[in-house]
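# Notes for the structure review
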Amino acid sequence: MNTQDDIYMRLIIKERGHVINIPGYPTLRSPCKINVDSMNLSVLISQLKQVGVTNFLIEENRDLNEPKKKRPILTKAARVVKAIKEDDSPEYILQNDKGTQVELQRMAKQIKDLQNMIQTLVDKPTHVPTSVSKKTTPVYERPVDDTPPSYKKPKKKQVVEELDDDAFIPEISFDGMEYSPGDSITETVEIDNNLDEEISGLSKIRGKE
Amino acid sequence: MSDIITDFIDDKNENKKTSKSKSSSKKLACGLDIGTMTLILSRSDSESAIITRNMFLEVDTDEVPITEFSDLKYVKADDNTYIIGDDAFKMANLFNKKVSRPMEQGMISPNEIDAVDVLALMIKNMFCDIKDKDAYCSYSVPAEAIDMDRSVTYHSKVFTRILGAIGVNHTSCNEAMAVIYSECQKEQFSGIGISFGAGMCNVCCSYKGVEAFTFATSRSGDWIDTQASNSLNMTPNRVTNIKEKYLDLDKGFFTEKNKKRRRVLEALTYYYGAMMDYTIKNLINQFEENFELEIDDDIPIVIAGGTSLIPGFLELFKETIKKHELPFEISEIRMAKEPQTAISRGLLIKTMSDIGLK
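Not measured: the values here are computed from a predicted model.

The next point concerns the overall build of chain A. Across its full length, chain A holds five helices and seven strands. A total of 209 residues make up chain A; the buried ones form 6% of that total. A fraction of 62% describes how many contacts in chain A between residues 6 or more apart in sequence connect residues 24 or more apart.

Next comes the structure, spelled out in structure tokens:
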């Protein structure tokens, strides 16, 4: 027997090319398959007839022996309050939208199947040939590398600018130039000119000594 | 050693091997720091570094006759006359004009048509007479800037041509690496060199004399001046003037009585902090992306460059770096012994090591 959660009603239209507007649902284009368990069956059928759909199928998995469960009767005011309070909340959708519930159950089942499959693969012993009927020659033998893989930060590619030897460089000519008479344009500052240690240290480290 | 010498380009003879035949006694090694604000040359035959302010001011000789320039340093190129060096800076401040700069943001300015001529003249003047000498020079080039879409290739090639025209064998070297050559001998040339120049901030991480990575940012001295001048609606060289005369990051700006000046100093202090923060963040990023070696020893950070000359710079840098978690261990943060000339000194060390001169 189906549980309350499994019950659904599904409309299937296989004929192509119909554009169907069912109140409360987005506009559909056939062929389509849609859960309509919240719809009144007669309203649905008349709606379909209005748009000229005659070839359709409504599937229901409710146990025919079981008496149809009556929906709780709500006053108009109560319905409005319910709609405002609950219609949009995820909890409400999960509890009341059969289509979503069925979809969730289907997904849960798929996840469970996947888990079982993975478990089977893990538990299965690796394949060990019991007898060698043919001598096989490896086409490519990869050396076994026990070292754990290292992850290097990808190096940012530097844009290497190609030197253009033909680039324009102005000619330098001192013809037609003259300095002011007298002082040089420069000034001088005393510096520490004892560079022997630095020069020999640098030459040594650069392998030039 | 011959293979070392051939690293240098000998444009004057277009034959690299000719330099081998010359006697070592006539060899002259040089290090030329080509900065946005100053050009500095260190020579093996001198105990002084030669400095020229890298700027000029074009003057109309119809309006101001050349006889008026008796005390000024100027050059004439074709029909144009330029006041150059410090005099240009002083004159521009006097007349509230904007001084022309042959370089901007660490490279030759594309906005100044006379930039290359003026630079060539300045550099020629700095080398003086080298006709009877076999001169070798390493000159500084910036790294590719991470926040600017300009190549250093053109810049580097122009200086190749200028030095070739003067008759100097030359090779280029990263500016921040020169700081390492100058200051990190005791750490076997391992460390992080930062050159806070006028146009760019250059950073280099070196491990045992090998460049691990280099990068540059466009936020340095000029950026600070521009930001401060934009905030206060002043010309950038006025701000530079106040910065060079009055800014002390140790003392702060509160003690300054002149309100306008106090506001400039306040803005400058703020932008100094912002520039340091930006540099440190980028250093961390570059280190994480490019450095794959495990370093056992702690490494120093060495600071040089004209922008770092302001009193209290080192302390503010140390305070700023404390706010960040670094991916490497620091042994110390120190200033170069001579922050302004450290780059040219480092370049001189490299040249002398290259050509085997002591």
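With that settled, consider the nonpolar core. One recurring pattern in soluble globular proteins is that nonpolar side chains are buried together. All names here are of chain B. C30, I83, I84, A88, I123 and V179 are the most contacted members of the largest nonpolar core, which totals 105 residues. Counting residues per element, this core draws most heavily on helix α3 (residues 115-127), which supplies 10 residues. Taken domain by domain, this core gets at least three of its residues from each of domain 1 (55-100) and domain 2 (191-335). Setting aside residues up to four positions removed in sequence, V179 forms contacts with G193, S195, V302, A304, A336, A342, I343 and G346.

Among all positions in helix α5 (residues 196-205) of chain A, only E198(A), I199(A), G201(A) and L202(A) are buried. Axial view of α5(A): buried residues confined to an arc of 165°, hence all on one face. Exposed residues on α5(A) whose side chains face more than 90 degrees from its buried face are D196(A) and E197(A). Buried residues belonging to α5(A) abut α5 (175-183) and α10 (342-355) of chain B. Within two residues after α5(A), G207(A) carries a phi angle of roughly 70°, on the positive side.

Contact with chain A, which involves 35 residues of that partner, is made by 50 residues of chain B. Looking at the side of chain A that touches chain B, the elements with two or more residues in it are β6 (177-179), β7 (187-190) and α5 of chain A. Top contributing element to the side of chain A that touches chain B by residue count: α5(A), with eight residues. Broken down by class, the residue content of the side of chain A that touches chain B amounts to 15 nonpolar, eight polar and 12 charged. Two strands pair when backbone bridges link them, and β6(A) and strand β5 (residues 74-77) of chain B are joined in this way by three bridges, in the antiparallel orientation.

Residue and element names in this part refer to chain B. Helix length check: α10 (14 residues) gives 20 Å between terminal C-alpha atoms against 20 Å at 1.5 Å per residue, within 8%. In terms of residue burial, α10 counts as a mostly covered element, since 14 of its 14 residues are buried. A positive backbone phi angle near 70° is found at G356, which sits one or two residues after α10.

Looking now at the environment of L119(B). All names here are of chain B. Position of L119 relative to the elements: it lies in helix α3. Given 23 C-beta atoms within a 10 Å radius, L119 is considered buried. C-alpha separation for the pair L119 and I34, spaced 85 residues apart in sequence, amounts to 9.7 Å. Not counting residues up to four positions away in its chain, the partners in contact with L119 are P102 and I162.

Another aspect to go through is unusual backbone geometry. Peptide bonds are mostly trans, and most non-glycine residues show a negative phi. In this structure, P31(A) follows S30(A) across a cis peptide bond, with omega equal to 5°. Looking at the element boundaries, P31(A) is found in the loop between β3 (28-29) and β4 (32-35). For F189(B), which is not a glycine, the phi torsion comes out positive at approximately 60°. Within the element layout of this structure, F189(B) appears in the loop between α5 and β11 (191-196).

So, on to the packing of α3(B) against helix α4 (residues 153-166) of chain B. All names here are of chain B. Their axes nearest at 10 Å, the elements α3 and α4 cross at an angle of 45°. One element, α3, and the other, α4, form an angle in the oblique class. Pair α3 / α4 crosses with right-handed handedness. Residue-level contacts link V116, L119, A120, I123, K124 and F127 of α3 to V158, I162, A165 and I166 of α4.

On to the sheet that holds strand β12 (residues 201-207) of chain B, then. All names here are of chain B. Across the sheet, which stays open at both edges, the five strands sit in the order β13-β12-β11-β14-β15 with mixed pairing between neighbours. The outermost strands of the open sheet, each flanked by one partner alone, are β13 (210-217) and β15 (330-335). Between one strand and the next, the sheet's axes are offset by a mean angle of 15°, whatever the strand orientation. Where β12 lies against β13, seven bridges are found, and the strand directions are antiparallel. Bridging across to β13, S206 finds its partner in E211. Those strands touched by α5 are β11, β12, β13 and β14 (299-304), and its axis lies near 120° from that of β11.

Now for the pairing of β11(B). All names here are of chain B. Among the six residues that make up β11, six are buried, leaving the element largely enclosed by the rest of the structure. Of the two faces of β11, the one lined by G191, G193 and S195 and the one lined by I192, I194 and F196 are each fully buried. Here β11 folds back onto β12, and the loop between the two strands holds four residues. In this structure, β11 lies alongside β14, joined through four bridges in parallel fashion. The residue bridging G193 from the neighbouring strand is V302, located in β14.

Right, let's talk about the packing of helix α6 (residues 221-232) of chain B against helix α8 (residues 259-290) of chain B for a bit. All names here are of chain B. Packing of α6 against α8 brings their axes to within 9 Å, and their N-to-C directions diverge by 135°. Considered as vectors, α6 and α8 are oriented oblique to each other. When the axes of α6 and α8 are compared, the crossing they make is right-handed. Note on element contacts: α8 touches α6 through R263, V264, A267, L268, Y271, Y272 and M275, opposite W223, I224, Q227, A228, S231 and L232.

Confidence in the prediction of chain B, expressed as mean pLDDT, is 86, and 91% of residues score 70 or more. This prediction of the complex comes with two scores: 0.66 for pTM and 0.80 for ipTM.

Rules used throughout
Residues numbered from 1 in each chain as written. Chains lettered and ligands numbered in written order. Predicted model: local features only at pLDDT ≥ 70, side-chain atom pairs only at ≥ 80, totals over all residues. Helix = DSSP H or I, 4+ residues; strand = E, 2+ residues; numbered from the N terminus. Buried ≥ 20, exposed ≤ 12 C-beta atoms within 10 Å, placed from the backbone. Contact = placed C-beta atoms within 7 Å. Core = buried A, V, L, I, M, F, W, Y, C linked by C-beta atoms within 7 Å. Domains from an automatic or database assignment. Arc of directions from axis to C-beta. Nonpolar A, V, L, I, M, F, W, Y, C, P; charged D, E, K, R; others polar. Pairing = 2+ DSSP bridges. Expected span 1.5 Å × (residues − 1). Axes fitted to C-alpha atoms, helices over the stretch in contact; angles between N-to-C directions. Parallel < 35°, antiparallel > 145°, perpendicular 65-115°, else oblique. Left-handed = near helix turned anticlockwise from the far one by under 90°. pLDDT = per-residue confidence, 0-100.

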